[in-house]
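Observations on the model geometry
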Amino acid sequence: MNSTSFIETEDLTKGYSSGQIEVVALKDVNLSVREGKFLGVTGPSGSGKSTLMNLLGGLDTPTSGRIKVQGKFISELNKEELALYRRYQVGMIFQSFNIISSYSALENVAFPLLFAGVGKKERKQRASQMLTKVGLCPRKDHRPPELSAGEQQRVAIARALINQPKILLADEPTGNLDSTTSRQIVQMLSDLNKNQGLTVIMISHEESLVRRFAHEIIHLCDGKIVEQEKIR
Ligand SMILES: Nc1ncnc2c1ncn2[C@@H]1O[C@H](COP(=O)(O)OP(=O)(O)O)[C@@H](O)[C@H]1O
Ligand SMILES: [Mg+2]
């Protein structure tokens, strides 16, 4: 494996079996991402994009192959170590935001700090600062149903970043947003990447959007990388 890589996969393979049928969602994927890069991932529906993201985020484990992140093989971590990896090293956001609708924006963002053992006052303070960063502080006491889709995604981004991970994984983060809001959200991810050195991996089937912001793009098809492009 390459020593300059921040995130690296080696022959990463994931199969799912349902009854008699075995689906190979990802097949021998070799990927290398350097620190501070913005990588775009595109490909048709069912090409393995979410499978790759879930493996990189430690939500799932590979059938074979390895994943190395910041010098550690995360594919070899036990359950507890993987939980810590998910808590501190990667943030994830999704198409459907996955925030808690009965909590305020502030409570949603502060939530991961509870598990990190941070006291109540500091939780509020840090969550408030993070909401300011994503441009949402005036709405911190609103609950998701009172927020627009774009604002809900900002809450999700703030929550993903509250434990200061170095990596943000985004699976179709603009899938539920109109085109103007989509651009604003990806612009924000790009700013976080540029200004804070956050390494971003973003899945999107909107190629023009990916092309506008990413440094590199990989195209997946049938669980394989079929093309790799350097954009800037
Ligand atoms: N939990 C699962 N069980 C069985 N098959 C799955 C599961 N998750 C994904 N797949 C299959 O793996 C393939 C890749 O899925 P996915 O990674 O979700 O693709 P994408 O995100 O590119 O649309 C698809 O054929 C899908 O049906
Ligand atoms: Mg998907």
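These numbers were taken from a predicted model, which means no experiment stands behind them. (Residues numbered from 1 in each chain as written. Chains lettered and ligands numbered in written order. Predicted model: local features only at pLDDT ≥ 70, side-chain atom pairs only at ≥ 80, totals over all residues.)

Section: the sheet that holds strand S3 (residues 38–42)
Keep this limit in mind: Strands pair, by our definition, only if DSSP identifies at least two bridges between them. Note on conventions: DSSP H or I runs of at least 4 residues are helices, E runs of at least 2 residues are strands, and numbering of each starts at the N terminus. For helices, the fitted axis covers only the stretch in contact; all axes are lines through C-alpha atoms, and the angles between them, taken along N-to-C directions, range from 0 to 180 degrees. What counts as a contact here is a pair of residues whose C-beta atoms, placed from the backbone, lie within 7 Å.
With mixed pairing, the six strands of this open sheet are ordered in space as S6-S7-S8-S3-S9-S10. Of all the strands in the sheet, the pair left with one neighbour each is strand S6 (90–94) and strand S10 (224–230). Strand after strand, the sheet turns through a mean of 15 degrees between neighbouring axes, direction not considered. Two elements, strand S9 (residues 216–221) and S10, share six bridges in a ladder whose sense is antiparallel. Paired with histidine 219 across the strands is glutamate 227, a residue of S10. Against the sheet, helix H5 (residues 149–161) engages S6 and strand S7 (167–171), with an angle of about 165 degrees to S6. Against the sheet, helix H6 (residues 179–196) makes contact with S3, S7 and strand S8 (199–203), and its axis sits at roughly 155 degrees relative to S8, the strand it touches most.

Quick notes on the site of ligand 1
Basically, it comes down to this: Whether a residue is near a molecule or strand depends on its C-beta atom, placed from the backbone, lying within 6 Å of it. Amino acid classes used here: Ala, Val, Leu, Ile, Met, Phe, Trp, Tyr, Cys and Pro are nonpolar; Asp, Glu, Lys and Arg are charged; the rest, including Gly, are polar.
Every residue close to ligand 1 is listed here: Tyr16, Ser18, Val23, Ala25, Gly43, Ser45, Gly46, Ser47, Gly48, Lys49, Ser50 and Thr51. Counting residues per element, the ones that place at least two in the shell around ligand 1 are strand S1 (7–18), strand S2 (21–33) and helix H1 (49–56). Here the shell around ligand 1 takes three residues from H1, the largest share from any one element. The class makeup of the residues in the shell around ligand 1 is three nonpolar, eight polar and one charged.

Here's the deal with H1
Test applied: Backbone-placed C-beta atoms define the burial measure: a residue is buried with 20 or more other C-beta atoms within 10 Å of its own, exposed with 12 or fewer, and partly exposed in between.
By the criterion of burial, H1 is predominantly enclosed, with six of the eight residues buried. Those residues of H1 not exposed but buried are Lys49, Thr51, Leu52, Met53, Leu55 and Leu56. With its phi angle positive at about 75 degrees, glycine 58 sits one or two positions after the end of H1.

Examining the nonpolar core
Which entries qualify depends on this criterion: Any set of buried Ala, Val, Leu, Ile, Met, Phe, Trp, Tyr and Cys residues joined through C-beta atoms within 7 Å is what this text calls a nonpolar core.
One finds Val109, Leu131, Ala158, Leu168 and Leu169 to be the most contacted residues of the largest nonpolar core, which totals 61 residues. With six residues, H5 is the largest single contributor of residues to this core. Not counting residues within four places of it along the chain, the set of residues in contact with valine 109 comprises Ala127, Met130, Leu131, Val155, Ala158, Arg159 and Ile162.

A look at the sheet that holds S2
Pairing in this open sheet of four strands is antiparallel, and the strands run S2-S1-S4-S5 from one edge to the other. Of all strands in the sheet, those with a lone pairing partner are S2 and strand S5 (72–73), marking the two edges. Note that S1 and S2 share nine bridges and pair antiparallel. Residue threonine 9 lies in a different strand from S2, and its bridge partner there is leucine 31.

Some details on the environment of alanine 170
For alanine 170, the location among the structural elements is in strand S7. Here alanine 170 falls in the buried class, since 26 other C-beta atoms lie within 10 Å of it. The sequence separation of alanine 170 and proline 144 amounts to 26 residues, and the corresponding C-alpha distance is 19 Å. The residues contacting alanine 170, other than those within four sequence positions of it, are Ile93, Leu189, Val200, Met202 and Ile203.

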